[in-house]
There are 2 protein chains.
Amino acid sequence: MLADKPRVAIVGAGAIGGYYGCLLARAGCDVHFLLRGDYDAVMQRGFTVRRPDESFTLYPVQGYQNPQDIGPCDLVIVALKSTANRHLHKLVAPLVGGHTLVLTLQNGMGNAEALAEFVPAVQILGGLCFVCLNRVEPGVIECYMPGRIFIGEFMGSYRQRTIEVVELFERAGVQAYFSRSLDESLWRKLVWNIPFNGLTIAAGGVATDRIVQSEHFTQLARLLMREVQAAARAHGHYIPDDFLESQIEETRAMDAYKPSSMLDYVAGREVEVESIFGEPLRRGMSKSVVMPRLETLYYLLKGLCPPPAKDGHGKSKHRKKA
Amino acid sequence: MLADKPRVAIVGAGAIGGYYGCLLARAGCDVHFLLRGDYDAVMQRGFTVRRPDESFTLYPVQGYQNPQDIGPCDLVIVALKSTANRHLHKLVAPLVGGHTLVLTLQNGMGNAEALAEFVPAVQILGGLCFVCLNRVEPGVIECYMPGRIFIGEFMGSYRQRTIEVVELFERAGVQAYFSRSLDESLWRKLVWNIPFNGLTIAAGGVATDRIVQSEHFTQLARLLMREVQAAARAHGHYIPDDFLESQIEETRAMDAYKPSSMLDYVAGREVEVESIFGEPLRRGMSKSVVMPRLETLYYLLKGLCPPPAKDGHGKSKHRKKA
């Protein structure tokens with residue numbers, strides 16, 4: 001059972017972590033933010049969330065630079081970029097006790113598995129955010145589409161406390177759903193992320209409108225979606241054709257949205273190529289699904305997005321926009 | 001039989017047309033250049049060819065703005081961009097008599113077929129230039145690798161006069177060979193053009209060194225080459241694996257070369273997407289060869305390189321580099 005006022009830690013307070021952390025804090029949770037580069041700005045000015053319907057500021061913020069200063073929580077929300085997963089143990093382990101639930105909201109595949117290296121699998125949840133958010137400056141998050149969140153078990157079946165986490169998000173004003181299959185939700189999310197995060201980079205660093213306005217980019221998006229659909233099928237998940245087309249239609253209805261991967265690419269930051277593209281490709285191939293279009297996109301992105309310098313700060317020094 | 005001093009017309013006096021036209025003129029041919037944008041510059045200053053071993057200037061130049069002013073020739077060399085093939089009849093027909101040979105040196109597939117719409121097939125030859133040339137300014141052509149040219153019949157088998165055309169190029173100092181199969185030579189050339197013209201654009205407008213320095217781009221180049229190899233095989237041409245690898249090795253040995261397609265892309269000019277990528281894709285698919293990586297590259301390039309404005313000058317007005 002989650003406490004009435006659960007202790008929540010947010011690891012990785014960028015767009016996703018900051019947004020949900022603020023909503024949960026406003027709904028009465030005891031939220032502790034683990035901050036890095038934005039620490040000073042957030043401590044001084046708090047977090048501001050701007051949404052189409054309303055804007056609000058959370059101030060003061062319970063911000064920290066070390067997870068040891070937070071200690072064990074009821075719920076740990078991991079919203080780090082997956083490219084920083086090498087730091088996961090150091091950042092998350094001090095927050096985890098025997099009763100703690102750890103919810104990863106990270107992009108792509110392989111994140112719950114990375115947590116499972118040091119957190120018992122039964123304590124791990126995964127969440128898929130179908131949402132359009134950008135952190136436009138330190139402590140300022142713009143939300144263009146509040147969207148939905150799907151939360152499911154990493155291992156095993158339905159447990160009551162997972163429903164409680166879903167309800168916690170609902171109380172915070174989020175359209176939240178329990179996902180009976182986290183794996184299926186992950187594949188469904190990739191139906192969008194693979195073509196749109198990928199092609200906005202491959203097209204030179206453009207917003208989603210450039211993709212859906214071009215019949216050729218849209219056709220390529222469709223072909224990529226079909227490969228993801230086939231890989232999901234081989235993993236036991238049926239994603240109907242209607243869903244694919246609905247993703248294109250929803251993207252047409254959106255404004256010019258800039259996926260986080262594209263913003264990372266343009267800014268010369270490390271791009272989540274492995275979790276969004278590499279791991280799904282390997283999982284498809286492990287079931288003998290041919291994904292040559294994804295493979296092409298993957299190699300292209302690997303070539304376009306070189307790894308970061310070895311200073312561990314995730315910012316490439318070798319990177320030069322062509 | 002070609003005359004001792006054959007009348008030669010060059011249609012499309014860019015890098016390829018200007019280069020071979022100058023070499024043939026220097027070797028004693030009576031060469032007439034059909035010029036468009038570069039007319040004034042070439043008439044004033046002639047053509048200058050810069051090669052690693054030597055440089056020379058052809059002056060005065062027999063330049064024209066209308067093909068009617070040239071009239072029928074012994075040999076017409078077509079080196080127009082294939083994107084301008086809609087003007088082929090207007091530009092070439094006035095140069096063709098019953099004895100005229102028409103040699104297309106254009107990139108990709110479908111060019112001889114476009115000529116065959118108004119020139120008898122037996123009068124058409126095709127040539128493949130394995131050469132590194134750039135027109136660096138009006139009338140100035142830089143040659144980084146003199147390379148080789150393969151000339152073959154469009155239709156039917158070996159004819160003596162085709163050998164004479166090969167010998168004409170040899171006398172002009174070109175390593176020229178008779179190709180027993182123009183179609184095979186076309187596929188072999190595409191083994192290089194498809195990955196390198198394509199990926200230098202897809203990588204944002206870079207030179208070939210960026211491709212061969214990246215293990216991921218190089219791997220993608222290799223995968224694309226294998227699809228071209230498979231399509232060639234289905235059309236009856238055996239291209240050995242060694243040839244594929246030799247193309248990568250030769251590219252490593254080159255300096256940072258900028259393929260013409262990439263230069264067109266960066267300058268906002270129309271790119272030869274259909275002849276280099278679209279037509280080979282369709283020919284592979286017509287033999288039931290799956291070419292999903294080429295298909296991916298094709299759609300990506302179609303999206304990146306929008307068609308020109310309808311003013312007929314081949315320069316896109318809608319184009320904006322992202």
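As the structure is a prediction and not an experimental result, all values here were calculated from the model.

Chemist: Is there a simple way to explain the overall build of chain A in this structure?
Modeler: In terms of helices and strands, chain A carries twelve helices and ten strands. Against the globule reference of 20 Å for 322 residues, chain A gives a C-alpha radius of gyration of 19 Å, in line with a compact fold. Its C-alpha atoms put chain A at 50 × 45 × 40 Å along the principal axes. The burial tally for chain A puts 61% of its 322 residues in the buried class. Look at the contacts in chain A between residues 6 or more apart in sequence, and 69% of them connect residues 24 or more apart. Per element, the accessible surface of chain A, about 13200 Å² overall, is 50% carbon and sulfur.

Chemist: What exactly am I supposed to notice about the relation of the copies chain B and chain A here?
Modeler: Note on the chain copies: they are related by a rotation about an axis and a translation along it. Take chain B, turn it by 179 degrees, move it 0.0 Å along the axis, and it overlays chain A with an RMSD of 0.0 Å. One copy is carried onto the other by what is essentially a two-fold rotation axis. Interface residue correspondence from chain B to chain A reaches 100%, placing this contact among same-surface, isologous pairings.

Chemist: I keep staring at the domain arrangement of chain A and nothing clicks. Help me out?
Modeler: You'll often see interface size given as the accessible area lost when the parts meet. All names here are of chain A. When its domains are assigned, chain A resolves into domain 1 (7–180) and domain 2 (184–309). Contacts between domain 1 and domain 2 engage 21 residues on the former and 23 residues on the latter. Surface buried jointly by domain 1 and domain 2 totals about 1900 Å² across both partners, of which 56% is contributed by carbon and sulfur atoms. Considering only the surface of domain 1 that becomes buried against domain 2, Lys81, Asn107 and Met109 emerge as the three largest contributors, covering 38% of it. Run the count over domain 1 and domain 2 and you get two salt bridges.

Chemist: Mind showing me how you'd approach the interface of chain B and chain A here?
Modeler: Listed by partner, the interface residues are 22 residues for chain B and 22 residues for chain A. Across the interface of chain B and chain A, roughly 2100 Å² is buried in total on both sides, 69% from carbon and sulfur atoms. Where chain B packs against chain A, one counts two salt bridges. Note that Glu295 of chain B and Arg293 of chain A form a salt bridge whose closest N and O atoms lie 2.8 Å from each other. Where chain B touches chain A, the interface holds two residue pairs in polar contact (both at pLDDT 80 or more). Breaking the side of chain B that touches chain A down by element, the ones donating at least two residues are helix H6 (182–202), helix H8 (215–234) and helix H12 (292–304) of chain B.

Chemist: Whenever I open this one, the packing of helix H8 (residues 215–234) of chain A against helix H12 (residues 292–304) of chain A confuses me. Can you help?
Modeler: Think of two packed helices as two axes; the pair is described by the angle between the axes and how far apart they sit. Residues and elements named next belong to chain A. At their nearest, the axes of H8 and H12 sit 8 Å apart, and the two run at 115 degrees to each other. By the angle class used here, H8 and H12 are roughly perpendicular. Counting all contacts with H8, which are made through Leu223, Leu224 and Glu227, the residues of H12 involved are Pro292, Arg293, Leu294 and Leu297. Of the residues assigned to the contact of H8 with H12, the class counts are five nonpolar, no polar and two charged.

Chemist: Honestly, empty space enclosed by the protein in this entry has me stumped. Any pointers?
Modeler: Regions of empty space are outlined by a rolling probe, equal in size to a water molecule, passed over the atoms. In total, this model carries one cavity of 30 Å³ or more according to the counting rule given. Each pocket or cavity is described by its volume, and for the largest cavity that value is around 70 Å³. Considering the residues around the largest cavity, the lining is formed by Leu199, Leu220, Thr296, Leu297 and Leu300 of chain A together with Leu199, Leu220, Leu224, Thr296, Leu297 and Leu300 of chain B. For the lining of the largest cavity, the elements supplying multiple residues, two or more each, are H12 of chain A together with H8 and H12 of chain B. Tallied by class, the residues present in the lining of the largest cavity amount to nine nonpolar, two polar and no charged.

Chemist: I'm lost on the packing of H8 of chain B against helix H9 (residues 241–253) of chain B in this one. Help?
Modeler: Residues and elements named next belong to chain B. Viewed as axis vectors pointing N to C, H8 and H9 meet at an angle of 140 degrees, and their least axial separation amounts to 10 Å. For the element pair H8 and H9, the recorded crossing hand is right-handed. Between H8 and H9, the contacting residues are Thr218, Arg222, Met225, Arg226 and Gln229 on the first element and Asp241, Leu244, Glu245, Gln247, Ile248 and Arg252 on the second. Taken together, the residues of the contact of H8 with H9 break down into three nonpolar, three polar and five charged.

Chemist: I would appreciate a short explanation of the state of the cysteines in the present structure.
Modeler: Residues and elements named next belong to chain B. Under the defined criterion, the tally for this structure stands at zero disulfides over all chains. Unpaired in terms of disulfides, Cys73 finds its nearest cysteine sulfur in Cys29, a separation of 11 Å. Counting only cysteine sulfurs, Cys143 is the nearest neighbor of Cys132, a cysteine outside any disulfide, at a range of 7.8 Å. Using a relative accessible area of 5% as the deciding quantity, one classes Cys132 as buried.

Chemist: Please explain the environment of Val191 of chain B as it appears in this structure.
Modeler: Residue and element names in this part refer to chain B. Its location among the elements puts Val191 in helix H6. Linking Val191 and Arg226, residues 35 residues apart in sequence, is a C-alpha distance of 8.2 Å. When sequence neighbours within four positions are dropped, the list of residues in contact with Val191 reads Met225, Val228, Ile239, Phe243, Leu244 and Gln247.

Chemist: What is the right way to look at the pairing of strand S6 (residues 75–78) of chain A in this model?
Modeler: Two faces belong to every sheet, and in a regular strand the side chains alternate between them. Residues and elements named next belong to chain A. Residues of S6 alternate between two faces, with Leu75 and Ile77 on one and Val76 and Val78 on the opposite face, all of them buried. As paired strands, strand S1 (residues 7–11) and S6 are joined by four bridges and run parallel to one another. Note that in S6 the partner of Ile10 across the bridge is Ile77. Two elements, S6 and strand S7 (residues 101–104), share four bridges in a ladder whose sense is parallel.

Chemist: Mind showing me how you'd approach the pattern of salt bridges here?
Modeler: Where charged atoms from two side chains of opposite charge come close, those side chains can pair. Residues and elements named next belong to chain A. For the structure shown, the criterion picks out 38 salt bridges over all chains. Between Lys81 and Asp264 there is a salt bridge, and its shortest N-O distance comes to 3.2 Å. One end of the pair, Lys81, is in the loop between S6 and helix H3 (88–92); the other, Asp264, is in helix H10 (residues 260–266), and 183 residues separate them in sequence. Using a relative accessible area of 7% as the deciding quantity, one classes Asp264 as buried. Through salt bridges that share partners, Glu113, Glu274, Glu279, Arg282, Arg283 and Lys302 make up one connected network.

Chemist: Help me understand helix H5 (residues 160–171) of chain B, please; the structure alone is not making it clear to me.
Modeler: Every α-helical turn comprises 3.6 residues, leaving residues that sit three or four positions apart pointing alike. Residues and elements named next belong to chain B. In this model, H5 (twelve residues) spans 17 Å end to end at C-alpha, consistent with the 16 Å of a helix rising 1.5 Å per residue. The complete set of buried residues in H5 reads Thr162, Ile163, Glu164, Val165, Val166, Leu168 and Phe169. Looking at the buried side of H5, the elements it contacts are helix H1 (15–26), strand S6 (75–78), strand S7 (101–104), strand S8 (124–137), strand S9 (140–153) and strand S10 (175–178). Remark: Gly173 follows H5 within two positions and exhibits a positive phi of approximately 90 degrees.

Chemist: I'm lost on the side chain of Thr208 of chain A in this one. Help?
Modeler: Among the structural elements, Thr208 of chain A can be located in helix H7 (residues 208–213). Those residues in contact with Thr208 of chain A, other than ones at most four positions away along the chain, are Trp192, Phe196, Thr200, Thr251, Met254, Asp255, Ala256, Tyr257 and Pro259 of chain A.

Chemist: What exactly am I supposed to notice about the environment of Pro67 of chain B here?
Modeler: Residues and elements named next belong to chain B. The residue Pro67 is located in the loop between strand S5 (63–64) and S6 in this model. Its relative accessible area of 4% is what places Pro67 among the buried residues. Excluding residues that lie within four positions of it along the chain, Pro67 makes contacts with Leu34, Lys90, Leu91, Pro94 and Leu95.

Conventions used here
The numbers attached to residues start from 1 for each chain and follow its sequence in the written order. Chains carry letters and ligands carry numbers; both start at the beginning, A for chains and 1 for ligands, and go up in the order they are written. Two thresholds apply to this predicted model, a pLDDT of at least 70 for residue-level local features and 80 or more for giving and counting side-chain atom pairs, whereas whole-chain, interface and lining totals are computed over all residues. Computation of side-chain values: all heavy atoms of the structure, hydrogens and water removed. Secondary structure elements follow DSSP: runs of H or I of four or more residues count as helices, runs of E of two or more count as strands, with numbering from the N terminus. C-alpha atoms define the radius of gyration, and 2.2 Å times the number of residues to the power 0.38 defines the globule rule. Summary of the burial criterion: residues with accessible area below 20% of their type's maximum are buried, those above 50% are exposed, and those between are partly exposed, where the area comes from a 1.4 Å probe applied to protein chains only. Working rule for contacts: check all heavy atoms of both residues, and any pair within 4.5 Å makes them a contact. With residues, only the protein chains shown are counted as cover, and all accessible areas are computed by Shrake-Rupley using a 1.4 Å probe. To line up the copies, we fit them by least squares on C-alpha atoms, keeping just the residues with pLDDT of at least 70 in both. Domain delimitation in this document rests on an assignment produced automatically or drawn from a domain database. When two parts are put together, the accessible area they lose, computed with a 1.4 Å probe and summed over both, is reported as buried area. Here, a salt bridge means any side-chain nitrogen of Lys or Arg that lies within 4 Å of a carboxyl oxygen of Asp or Glu. Two N or O atoms count as a polar contact when they lie within 3.5 Å, although within protein this holds only if one can serve as hydrogen donor and the other as acceptor, and sequence-adjacent residues are included solely when both atoms are side-chain atoms. Here the axes come from fitting lines to C-alpha atoms, over the contacting stretch only for helices, and the angles between their N-to-C directions go from 0 to 180 degrees. Comment on the angle field: the value is read as roughly parallel under 35 degrees, roughly antiparallel over 145, roughly perpendicular from 65 to 115, and oblique elsewhere. Residues are grouped as follows: nonpolar covers Ala, Val, Leu, Ile, Met, Phe, Trp, Tyr, Cys and Pro; charged covers Asp, Glu, Lys and Arg; every other residue, Gly included, is treated as polar. A cavity here means a set of 1 Å grid points, computed over protein atoms only, where a 1.4 Å probe fits but cannot escape. A pocket is an open set with protein on both sides within 12 Å along at least 5 of 7 lines, and lining residues have an atom within 4 Å of a point. Grid points are joined across faces, edges and corners, and a volume is the space filled by probe spheres set on the points. Left-handed describes a crossing in which the near helix is turned anticlockwise from the far one by less than a right angle; the clockwise case is right-handed. What counts as a disulfide here is a pair of cysteine sulfur atoms lying within 2.5 Å. In this analysis, strands are considered paired if DSSP registers two or more bridges between them. Multiply 1.5 Å by the residue count of a helix minus one, and that product is the helix's expected span.

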